[in-house]
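# Tertiary structure, described
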Amino acid sequence: MKPAPFDYYAPRTIEEAYKLLAEAGGGATVLAGGQTLMPLLALRMSQPFILVDINKIDALKGVTRVTNSAGSRVERRASGGPQGEAQEAPSTSATRIGPVVRQNEVIADETLRRCLPVLVTATRHVGHHQTRNRGTIGGSIALGEPAAELPATAAALGASIEVRSVRGTRRVRADEMYLAPYATALEPDELITTIEFPDWPSDTVPLFREVARRPGDFALVGLVGALAIESGRISRAGIAWFGMGPVPMKARQAEAALTGQSVAALDVQSIAELAVADTAPFDDRHASAEYRRTVGRRIFARALGEALNVRQAA
Amino acid sequence: MSEHKIELTINGRRQQATVEGRKTLCDFLRVDTGCTGVHVGCEHGVCGACTVIIDGLAVRSCLMLAVQTDGCAVTTVEGLAAPDGALHPVQQALRDEHGVQCGFCTPGVVMTLAALTDGPKRPDADTLLDAMSGHICRCTGYQGIRRAACKLASKTGAEKP
Ligand SMILES: Cc1cc2nc3c(=O)[nH]c(=O)nc-3n(C[C@@H](O)[C@H](O)[C@H](O)COP(=O)(O)OP(=O)(O)OC[C@H]3O[C@@H](n4cnc5c(N)ncnc54)[C@H](O)[C@@H]3O)c2cc1C
Ligand code: FES
Ligand code: FES
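Quick notes on the rules
Residues numbered from 1 in each chain as written. Chains lettered and ligands numbered in written order. Predicted model: local features only at pLDDT ≥ 70, side-chain atom pairs only at ≥ 80, totals over all residues. Heavy atoms only, no water. Pairing = 2+ DSSP bridges. Helix = DSSP H or I, 4+ residues; strand = E, 2+ residues; numbered from the N terminus. Near = heavy atom within 4 Å. Areas by Shrake-Rupley, 256 points an atom, 1.4 Å probe, with all protein chains shown as cover. Nonpolar A, V, L, I, M, F, W, Y, C, P; charged D, E, K, R; others polar. Axes fitted to C-alpha atoms, helices over the stretch in contact; angles between N-to-C directions. Parallel < 35°, antiparallel > 145°, perpendicular 65-115°, else oblique. Left-handed = near helix turned anticlockwise from the far one by under 90°. Contact = heavy atoms within 4.5 Å. Domains from an automatic or database assignment. Buried area = accessible area lost by both parts, 1.4 Å probe. Polar contact = N/O pair within 3.5 Å; in protein donor to acceptor, adjacent residues only side chain to side chain.

### Comments concerning the pairing of strand β2 (residues 28–31) of chain A
Both β2 of chain A and strand β3 (residues 50–53) of chain A contribute to a ladder of four bridges, which runs parallel. Paired with Val30 of chain A across the bridge in β3 of chain A is Val52 of chain A.

Structure, rendered in structure tokens:
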């Protein structure tokens, strides 16, 4: 239960950090909040030669608002995702979050509370108060745990992830970041340097539901997203599941069915059915796939119904 | 395998040490500085027994490296009671409400409640009870701990029975 020996480095700049990663040729690991990596080291499931602690890099901290960000062009992988999605619309403004922002800092941040209430709600469900004091947003995004809240939130809201290495800077769409459980599009020498969330229209309703055994546990089933509403119609929908497959699962069919629909005329049950069709839940010792699908269908219908009722009453 | 010189404050006393890069904070506090009130239950972040306060925040000391606390102020349960032995309000509340049995989880529980209630704003009961999800107690059935947390909370929050 003690980590195997390694050399510890705590660089002050992004450049120093990715140079260390490059020089180690795959033998180095980034240490952010340590709330996942430290257990992996203790259990010796991870045995790097070099640990690169990024907690002292000031350039990886803080929350900033950007308008017309020159870099909002998002790299598309050759295989290509579905075309013509709502998220493709070029965003004029966005919120950029440094990866070393602690999860409890996300919850307390005034800008994020105003601009990204869904992210704040989702982050409240990540672990416990004590783990959120150290755990970072970037660490959770980098890890790609299938039942984690934040990768799904990033995928649902159309976030992009800026990564840097000695080879340069690139951006990865959050919904193309996750390849398999704990496997991401990140190369071993790449560092996440920013997570950028595009602004949604001002009239956007959040969606969030999580079912877990106890508060702070990983989700058995979780749902996160946002619906933008313009003159009684849904102009844009971004929805993703967590704990419902090997990676965050985008509810693409439900998004398409919702987009352009009048709020008053929606058939909530049939859209819930479509949403669950885009999942691939598994049996494990916590719950069966069938349980997850049943619960998923119900929480989707309930969350959507409530979100729209609130809108109609307003 | 790297070694590092660190300088930190432990329970108000400035201290220097040389630590191996891989040494966890809980091992450093227990073995090198004698703060055996830091209890180590699971050693991988699940139980909360090892919770200490670093620069005002409750964190799990098994999930930090000692080298990361260079320049920090660390408080362990040894640093809470007054020099004359008078208990910290959190310790007193847990004692009054029978929130302690074997005492293994207790230092962690105490440190979380102390970090939250010694802060600038006194949290409501819901906040304190929510933070208790980060601790596992195998003896008390939690009711005494809940009562102590509610007693320590600001009265504006919704108190739970
Ligand atoms: C008791 C407990 C309960 C938890 N419950 C939940 C939960 O309900 N939901 C949940 O989502 N998580 C949960 N977690 C995990 C969460 O707390 C972690 O914070 C998170 O998974 C990882 O973030 P971190 O900052 O701690 O990263 P670390 O543990 O430091 O790193 C995690 C991984 O990401 C890599 N990494 C970190 N930052 C970067 C970066 N900037 N660039 C490239 N790679 C990077 C590391 O190399 C490592 O592989 C729980 C943890 C514990 C101990
Ligand atoms: S010993 Fe640190 S959480 Fe259990
Ligand atoms: S008092 Fe024994 S574990 Fe809590």
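### Here's the deal with the site of ligand 1
Around ligand 1, a shell composed of 34 residues is seen, among which Val30, Gly34, Gln35, Leu37 and Thr136 of chain A lie nearest. Nearby residues place ligand 1 at the junction of chains A and B. Summarising the interface, the protein chains cover 92% of the accessible area of ligand 1, which totals 970 Å² for the free molecule. Those elements giving two or more residues to the shell around ligand 1 turn out to be β2, α7 (137–143) and β10 (191–198) of chain A. Considering each element in turn, the shell around ligand 1 owes the most residues, four residues, to α7 of chain A. The residue inventory of the shell around ligand 1, partitioned by class, reads 15 nonpolar, 16 polar and three charged.

### Here's the deal with the packing of helix α2 (residues 89–96) of chain B against helix α5 (residues 143–152) of chain B
Residue and element names in this part refer to chain B. Packing of α2 against α5 brings their axes to within 8 Å, and their N-to-C directions diverge by 135°. Taken together, the axes of α2 and α5 lie oblique to each other. Relative to α5, the crossing made by α2 is right-handed. Residue-level inspection shows Pro89, Val90, Ala93, Leu94 and Asp96 of α2 in contact with α5, the latter providing Ile145, Ala148, Lys151 and Leu152. Broken down by class, the residue content of the contact of α2 with α5 amounts to seven nonpolar, no polar and two charged.

### Considering the domain arrangement of chain B
Residues and elements named next belong to chain B. Domain boundaries assigned for chain B yield domain 1 (3–79) and domain 2 (89–155). Its C-alpha centre places domain 1 at a distance of 21 Å from the equivalent point of domain 2. Each partner contributes to the interface: domain 1 provides 18 residues, whereas domain 2 provides 13 residues. Of the roughly 1100 Å² buried at the junction of domain 1 and domain 2 (both faces included), carbon and sulfur atoms supply 67%. Scanning the region where domain 1 abuts domain 2 turns up four residue pairs in polar contact (both at pLDDT 80 or more). Those elements giving two or more residues to the side of domain 1 that touches domain 2 turn out to be β3 (51–54) and β4 (57–60).

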